[in-house]
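# Fold and contact review
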Amino acid sequence: MTTCRRTTETTAPFPLTWLYVPGDRPHVVAKALVSGADVVVIDLEDAVAPDRKDCARAATADLLTHPQPVPVHVRINGLDTSWAQTDIQALLGLPGLDGLRLPKVTSPDDIRHLADRTAALPLYALLESALGIEHAYAIATAHPALRGISLGEADLRADLGVRDDLGLDWCRSRIVVAARAAGLAPPPQSVHPDTRDLGGLAASCAHGRALGFLGRAAIHPRQLPIIERAYLPTEAEVEQAETIIKAATTEQGAQALPDGSFIDAAVVATARRTLSLLNRR
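Residues numbered from 1 in each chain as written. Predicted model: local features only at pLDDT ≥ 70, side-chain atom pairs only at ≥ 80, totals over all residues. Heavy atoms only, no water.

Moving on to the overall build of the protein. Counting secondary structure elements, the protein contains 12 helices and nine strands. For the protein, with 281 residues in total, the buried portion stands at 49%. A separation of at least 24 residues holds for 67% of the contacts in the protein among residues at least 6 apart in sequence. For the protein, the computed accessible surface area is about 13300 Å², with 56% contributed by carbon and sulfur atoms. (Helix = DSSP H or I, 4+ residues; strand = E, 2+ residues; numbered from the N terminus. Buried < 20%, exposed > 50% of the residue type's maximum accessible area, 1.4 Å probe, protein only. Contact = heavy atoms within 4.5 Å. Areas by Shrake-Rupley, 256 points an atom, 1.4 Å probe, with all protein chains shown as cover.)

Next up, the structure:
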């Protein structure tokens, strides 16, 4: 089977915050659109009770008949449900829809089958099971319409029987590597479920950044500034990146900076990505 490996530049503008909101609560969606989130994700799946699915879908379709002030993605229902097919029929072609987030993806065929029906609409796969993790690279290279992969940690934790948060670190590293191997941007972290635990969120973001994630999903606007602060470069990182870029434009090949640190093409690329985060919107 042919795979699709992209050559995505990670220096391109990239969102750091993805705010999930329930599709059956239009007033909450309206607040989310002006919350400062880089992307608003309207959830038709986990956040909506079965008897509210039709209401959520109709409200979302009505909203997306017009472009919105920020990119809006929709997490549809599981691809193995009848709700998913109805979601797709109601949403395709709407001017305000910027992407579909696909829950519980387990194979590249899940992506290919949907991509064939959605033209060039950007797709994002959520890997939420052991099988999804095992197929991470195949999923990431399944189709040009796929623009990103990320974890759904609550379902994955249940599938694996993992209680300690660190027990997911192998899976986290696996999708970071799969995304980059496929030429996709680094994935965002999964949500931190306790919206009051801002200190825990900050610590978790620092850990995620160390693993190679870029940005994070949120479920409350109060989480957004914590995520941004964790993932935006510090003043020291910006100063170092500017020094590296300046040196790279005046010299050729590998070299050492005045502080003795060694730079080459990979270090320069990292510096460019650091500076690009300052102007991601």
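Of note in this structure, Lys 104 is not a glycine but carries a positive phi near 55°. Along the chain, Lys 104 turns up in the loop between strand E4 (99-102) and helix H4 (108-115). Assessed through its relative accessible area of 35%, Lys 104 is described here as partly exposed.

In this section: the side chain of Arg 216. Summarising the element assignment, Arg 216 is placed in strand E7 (residues 216-218). Summary of buried charges: Arg 216 has no salt-bridge partner, and the nearest side chain of opposite charge, Glu 153, is 5.4 Å away. One polar contact links the side chain of Arg 216 to the main-chain carbonyl oxygen of Ser 190, over a distance of 2.6 Å. Among residues more than four places away in sequence, those in contact with Arg 216 are Leu 16, Thr 17, Trp 18, Pro 188, Gln 189, Ser 190, Val 191, His 192, Leu 201, Ser 204, Cys 205 and Ile 227. (Lys, Arg positive; Asp, Glu negative; His and termini not counted. Salt bridge = Lys/Arg side-chain N within 4 Å of Asp/Glu carboxyl O. Polar contact = N/O pair within 3.5 Å; in protein donor to acceptor, adjacent residues only side chain to side chain.)

Let us now look at the nonpolar core. By size, the foremost hydrophobic cluster in this structure holds 71 residues, and its most contacted members are Val 74, Leu 91, Leu 100, Ile 111, Leu 123, Leu 127 and Ile 149. When residues no more than four places from it in sequence are discounted, the contact partners of Leu 127 are Val 105, Gly 132, Ile 133, Ala 136, Ile 139, Ser 150, Leu 151, Gly 152 and Ile 175. Grouped together as the second largest cluster of nonpolar side chains are seven residues, Ala 241, Ile 245, Val 268 and Ala 271 included. (Core = buried A, V, L, I, M, F, W, Y, C linked by side-chain atoms within 4.5 Å.)

With the rule as written, the count across this model stands at one aromatic pair. With 6.0 Å between their ring centres and 65° between their planes, Trp 18 and Tyr 124 make a pair best called edge-to-face. Residue Trp 18 is found in strand E1 (residues 17-22), and its partner Tyr 124 is found in strand E5 (residues 123-127); the two are separated by 106 residues along the sequence. Judged by relative accessible area, which is 14%, Tyr 124 ranks as buried. (Phe/Tyr/Trp six-rings, centres within 6.5 Å; stacked < 30°, edge-to-face > 60°.)

What follows is about the pairing of strand E6 (residues 146-151). Burial analysis of E6 places five of its six residues in the buried class, the great majority of the element. Here E5 pairs with E6 via five bridges, running parallel. Following the sheet pairing, Tyr 124 is matched in E6 by Gly 148. (Pairing = 2+ DSSP bridges.)

Take the packing of helix H9 (residues 198-211) against helix H10 (residues 224-231) next. The contact between H9 and H10 brings their axes to 9 Å, and the two run at 35°. Once H9 is placed against H10, the crossing between them reads as right-handed. Only Ile 226, Ile 227, Ala 230 and Tyr 231 of H10 make contact with H9, whose side of the interface consists of Leu 198, Leu 201, Ala 202, Cys 205, Gly 208 and Arg 209. Of the residues assigned to the contact of H9 with H10, the class counts are eight nonpolar, one polar and one charged. (Axes fitted to C-alpha atoms, helices over the stretch in contact; angles between N-to-C directions. Left-handed = near helix turned anticlockwise from the far one by under 90°. Nonpolar A, V, L, I, M, F, W, Y, C, P; charged D, E, K, R; others polar.)

Scanning the model with the defined rule gives 18 salt bridges in all. The salt bridge partner of Asp 24 is Arg 52, with a shortest N-O separation of 3.2 Å. Of this pair, Asp 24 sits in the loop between E1 and helix H1 (26-33) while Arg 52 sits in the loop between strand E2 (39-43) and helix H2 (53-63), placing them 28 residues apart in sequence. By relative accessible area, which is 34% here, Arg 52 ends up partly exposed. Residue Glu 45 pairs with Lys 104 through a salt bridge whose shortest N-O separation is 2.7 Å. Here the residue Glu 45 occupies a position in the loop between E2 and H2, and Lys 104 occupies one in the loop between E4 and H4, the gap between them amounting to 59 residues. Salt bridges sharing common partners tie together Asp 43, Glu 45, Asp 46, Arg 75, Lys 104, Glu 128 and Asp 155.

Okay, the pairing of E2 next. Within E2, five of the five residues are buried, which leaves it mostly tucked inside the rest of the structure. Burial along E2 is two-sided: the residues Val 39, Val 41 and Asp 43 and Val 40 and Ile 42 are all buried. The pairing of E1 with E2 spans five bridges and is parallel. Directly across from Pro 22, in E2, lies its bridge partner Asp 43. Note: E2 against strand E3 (residues 72-75), four bridges, orientation parallel. Within E3, the residue paired with Val 40 across the bridge is Val 72. The handedness of the E2 to E3 crossover, carried by H2, is right-handed. (Right-handed = clockwise from strand over helix to strand, strands pointing away.)

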